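# Examining the three-dimensional arrangement
So you can see what is in the structure, the chains are spelled out below.
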Amino acid sequence: MAWNDKNDSNGSGPWGSPPPGGDQNADVQEMLQRGQDKIRSLFFGGGGGNRGGGSGGGGMNRRATLFILLGLVIVWLASGFYRVLPDEQGVVLRFGKFVEQTAPGLHYHIPFPIEEVRRPKVTVVNRTDIGMRIGSADYSGSGPVRDVPEESLMLTGDENIVDVDFSVFWIIKNAENYLFNIQEPPGTVKAVAESTMREVVGRSRIQPILTEERQGTEEAVKKLMQEALDRYGAGIEVTQVKMQKVDPPAAVIDAFRDVQAARADQERIRNEAQAYQNKVVPEARGEAARIRNEALAYQEQTVAEAEGQAQRFLAIFREYREAPDVTRRRMFLETMERVLGDSEKIIIDNQVGQGGGIVPYLPLNELNRTRGTGQ
């Protein structure tokens, strides 16, 4: 309606306010008074009878408010119950200060904002990659791999550059130290791992790192990392360090492989020569020992025979001095026996019958056999 509508018996405007030019200060005071009365009746049940029986309505509002407040208090107290899972460890903080650690199970603490609970997973194996980034979060390492040269390129002790990609696996062994002693645990583990690997590689030669000393390098890095994290009080245990890739830089890898092939050929030829030496030298030593033993045996035999001949000569000489004629005849007979013993011979005694009883024999068969042999 219009401001000057005649049907408005109170002379107020369309929103219950006086028309322009009325007593505005009195209206504002009335509105403030009404607000105070409503708040008083809501919490204390006050109010006069001239406001429509406010005493009974105020009592109802007070009881409803008490029930609501009581419910809120119960809900707040119930919010203090919390459960720690088997792979977690509870850490209770009171106004941000550590109070206690709780084991897996159901527990209670003073509700927020007085106390709060943090539950880090202490049995989950965390993985930190240095020198590479794996596209998948799977711990099996599947997924696209992106190389990070600023982390992986390292200088060895013999002034060579090697490209090392490795992963560090770690768990939380002390939740309190893990939460409060270091600001960013994953970043700290990564920084310590990279620094430790550079230290170990810087004390080693490139060839052992690429071949047989990979496992030794992993164990050395793991040990140094654990010592550093324990000094920091990080509450972290390093379970494994695994070198994923150890290669020369990509720009020189072809030339390096040629050098490796040449070294392998050199090692193979050296091994073959060593094997030939191990075969020939014992054989030569055995042959030399055999010849030496045969010479010693011949020497002993010759000396023994010479000594025997000398003893025999001396024995004959002694007998000759005792009986010269007998000795000479004996020596003559023994010599003739030795000379004629191996020859075919026929002895004819011409003094017996002037050769009687002996028939001349022409060996024709022997002549034929000799002739056939000559053919």
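Reading guide: rules and limits
Residues numbered from 1 in each chain as written. Predicted model: local features only at pLDDT ≥ 70, side-chain atom pairs only at ≥ 80, totals over all residues. Heavy atoms only, no water. Patch = residues over 30% accessible without salt bridge, like charges linked within 9 Å, V, L, I, M, F, W, Y side chains within 5 Å. Areas by Shrake-Rupley, 256 points an atom, 1.4 Å probe, with all protein chains shown as cover. Salt bridge = Lys/Arg side-chain N within 4 Å of Asp/Glu carboxyl O. Helix = DSSP H or I, 4+ residues; strand = E, 2+ residues; numbered from the N terminus. Buried < 20%, exposed > 50% of the residue type's maximum accessible area, 1.4 Å probe, protein only. pLDDT = per-residue confidence, 0-100. Contact = heavy atoms within 4.5 Å. Core = buried A, V, L, I, M, F, W, Y, C linked by side-chain atoms within 4.5 Å. Pairing = 2+ DSSP bridges. Axes fitted to C-alpha atoms, helices over the stretch in contact; angles between N-to-C directions. Polar contact = N/O pair within 3.5 Å; in protein donor to acceptor, adjacent residues only side chain to side chain. Expected span 1.5 Å × (residues − 1). Arc of directions from axis to C-beta. Phe/Tyr/Trp six-rings, centres within 6.5 Å; stacked < 30°, edge-to-face > 60°.

## Quick word on a nonpolar patch on the surface
Taken together, the side chains of Val73, Trp76, Leu77, Phe81, Leu106, Tyr108 and Ile110 define a hydrophobic patch exposed on the protein surface, amounting to about 670 Å² of accessible area. Elements with a contribution of two residues or more to the nonpolar patch: α2 (54-78) and β4 (105-108). If one sorts the elements of the nonpolar patch by residue count, α2 sits on top with three residues. Inspection of the secondary structure puts Leu106 in strand β4.

## A word on the pattern of salt bridges
Tallied over the entire structure, the rule returns 15 salt bridges. The partner of Glu199 in a salt bridge is Arg203, and the shortest N-O contact between them spans 3.7 Å. Since its relative accessible area comes to 57%, Arg203 is described here as exposed. With a closest N to O distance of 3.2 Å, Glu272 and Arg268 form a salt bridge. A residue pair is termed a helical-turn pair when its members lie 3 or 4 positions apart in one helix, as Glu272 and Arg268 do in helix α8 (residues 253-322) at four residues. With relative accessibility at 47%, the residue Glu272 sits in the partly exposed group. On the accessibility criterion, Arg268 (41% relative accessible area) is partly exposed.

## Brief notes about the confidence of the model for the protein chain
A low pLDDT means the predicted coordinates there should not be read in detail. Mean pLDDT over the protein chain works out to 78, with 75% of the residues at or above the 70 mark. Scored below 50 in pLDDT, residues 1-22 makes 17 contacts in the model with residues more than four places away or belonging to other chains. The low-confidence segment residues 46-55 (pLDDT under 50) makes seven contacts with residues lying over four places distant or belonging to another chain.

## A few points about the nonpolar core
In this structure, Val162, Val164, Phe166, Val168, Met197, Met225 and Ile236 are the most contacted members of the largest nonpolar core, which totals 31 residues. Sorting the residues of this core by element identifies β10 (161-172), α5 (185-202), α6 (206-210), α7 (214-232) and β11 (236-247) as the ones contributing at least two each. In this structure, Val164 is in contact with Ile130, Gly131, Ser152, Met154, Met197, Met243, Lys245 and Val246, ignoring residues within four places of it in sequence.

## Notes on the sheet that holds strand β3 (residues 97-102)
The three strands are arranged β3-β2-β5 in an open sheet whose pairing can be described as antiparallel. Every other strand in the sheet has two partners, leaving β3 and β5 (115-118) as the edge strands with one partner each. This sheet shows a mean twist of 25 degrees between the axes of neighbouring strands, independent of strand direction. Relative to β3, strand β2 (residues 90-94) runs antiparallel, the two sharing five bridges. Paired with Arg94 across the bridge in β3 is Lys97.

## Quick notes on the side chain of Arg127
If you trace the backbone, Arg127 turns up in strand β6 (residues 126-130). Note on Arg127: relative accessible area 17%, which makes it buried. At 2.8 Å, the side chain of Arg127 forms a polar contact with the side chain of Asp129. There is a polar contact of 3.3 Å between the side chain of Arg127 and the side chain of Ser167.

## Remarks on the environment of Thr327
Note that Thr327 resides in helix α9 (residues 324-340). Here the alpha-carbon distance between Thr327 and Phe317, two residues 10 residues apart in the chain, equals 8.9 Å. Among residues more than four places away in sequence, those in contact with Thr327 are Ile316, Glu319 and Tyr320. Among the polar contacts made by the side chain of Thr327, one reaches the main-chain carbonyl oxygen of Ala323 at a distance of 2.6 Å.

## Concerning α7
Each α-helix turn comprises 3.6 residues. Residues three or four places apart therefore point the same way. With 19 residues, α7 ought to run about 27 Å at 1.5 Å a step, and its terminal C-alpha atoms sit 27 Å apart, in line with that. Within α7, the full set of buried residues consists of Thr217, Glu218, Val221, Met225, Gln226, Ala228 and Leu229. The buried side chains of α7 occupy one side of the element, clustering within an arc of 165 degrees when seen end-on. Exposed side chains of α7 directed beyond 90 degrees from the buried face belong to Gln215, Lys223 and Arg231. Against β10, α5, α6 and β11 lie the buried residues of α7. Backbone geometry just downstream of α7 places Gly233 in the positive-phi region, at approximately 65 degrees.

## With respect to the pairing of strand β1 (residues 81-84)
Because side chains alternate across β1, one face comprises the buried residues Tyr82 and Val84, and the other comprises Phe81 and Arg83, none of which is buried. With four bridges joining them, β1 and β4 adopt antiparallel strand pairing. From the neighbouring strand, Tyr82 faces β4, where its bridge partner is His107.

## Considering the packing of aromatic side chains
One pass over the structure, following the stated rule, counts three aromatic pairs. Judged by centre distance (6.3 Å) and plane angle (35 degrees), the rings of Trp170 and Tyr178 are tilted. The same class applies to Trp170 and to Tyr178, which are both buried. Aromatic side chains Phe313 and Phe317 sit 6.5 Å apart centroid to centroid with 15 degrees between the ring planes, which places their arrangement in the stacked category. Of the two residues, Phe313 and Phe317 are both situated in helix α8; the distance of four residues between them amounts to about one turn of the helix.

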